[in-house]
Amino acid sequence: CVMVSSANDAAVVLADHIAGSQKAFVEKMNARAATLGCTNTFFADVNGLEDDRQHATARELAMITQEALRNPKFAELFSAVNYQLPETVSCTRNLTSTNSMMNPDSSQYDAWITGGKPSAAGSNDRSMICTAQTEEERYLCVVISVSDKNSNYTGTFKEIRNLLNFG
């Protein structure tokens, strides 16, 4: 739910389950970032919502993403366009990625995007981390704090395309 459909409430549930509380999970996030050499990253909450204390560089988010992609389940969810949650208390549910650049049914679709996660902090602040691949090269692209008046990430996707084309 967190990775595919950006369910912030699911991030809270995961944090509580894994670390006992959101605060303890955030401490783990910051400690892990530090072990990766991220000296300019500070997480203030589990879901990345707007908090003036929270900050990261694009480079360090790329480092964190590279490490996370070593986990096969993370890599699977990072690249999932659709994901079916198994039946639990309720019926089976289908999730669709918030990264419409991977969805062939979207006008934003881009065939060389292989994974990604857009995010929002505040009403116009958009960011995205994605992977892309050509026959010759693999790319990891990070765009942070794009002022995007469209809630559908149009400006953010444009920035991603510009950077990948430059690369």
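Coordinates for the structure precede this section.
Residues numbered from 1 in each chain as written. Predicted model: local features only at pLDDT ≥ 70, side-chain atom pairs only at ≥ 80, totals over all residues. Heavy atoms only, no water.

What follows concerns the sheet that holds strand E5 (residues 138–147). As summarised here, the arrangement of the three strands in space is E3-E4-E5, forming an open sheet in which the pairing is antiparallel. Looking at which strands have only one partner, the edges of the open sheet turn out to be strand E3 (113–121) and E5. Taken over all neighbouring pairs, the strand axes of this sheet differ in orientation by 10° on average, direction set aside. Bridging between strand E4 (residues 125–133) and E5 involves eight bridges; their strand directions are antiparallel. Bridge pairing links alanine 132 to tyrosine 139 in E5. Strands E4 and E5 of the sheet are contacted by helix H4 (residues 58–68), whose axis makes an angle of about 135° with E5. Those strands touched by helix H6 (residues 154–166) are E3, E4 and E5, and its axis lies near 140° from that of E5. (Pairing = 2+ DSSP bridges. Helix = DSSP H or I, 4+ residues; strand = E, 2+ residues; numbered from the N terminus. Axes fitted to C-alpha atoms, helices over the stretch in contact; angles between N-to-C directions. Contact = heavy atoms within 4.5 Å.)

As a further point, take helix H3 (residues 22–35). With 14 residues, H3 extends 20 Å between its outermost C-alpha atoms, agreeing within 8% with the 20 Å of an ideal straight helix rising 1.5 Å per residue. Listing the buried residues of H3 in full gives Val26, Asn30 and Ala33. Seen end-on, H3 carries its buried residues on one side only, within an arc spanning 60°. The elements touched by buried residues of H3 are H4. Remark: glycine 37 follows H3 within two positions and exhibits a positive phi of approximately 90°. (Expected span 1.5 Å × (residues − 1). Buried < 20%, exposed > 50% of the residue type's maximum accessible area, 1.4 Å probe, protein only. Arc of directions from axis to C-beta.)

Our focus in this paragraph is the packing of aromatic side chains. Summed over all chains, the structure comprises three aromatic pairs. On the numbers, 5.7 Å between centres and 75° between planes, the contact of tryptophan 112 with tyrosine 139 is edge-to-face. In this pair, tryptophan 112 sits in the loop between strand E2 (93–96) and E3 while tyrosine 139 sits in strand E5, placing the two residues 27 residues apart along the sequence. The exposure class of tryptophan 112 is buried, given its relative accessible area of 17%. We note arginine 126 situated over the ring of tyrosine 153; from NZ or CZ to the ring centre the distance is 5.3 Å. (Phe/Tyr/Trp six-rings, centres within 6.5 Å; stacked < 30°, edge-to-face > 60°. Lys NZ or Arg CZ within 6 Å of the ring centre and 35° of its normal.)

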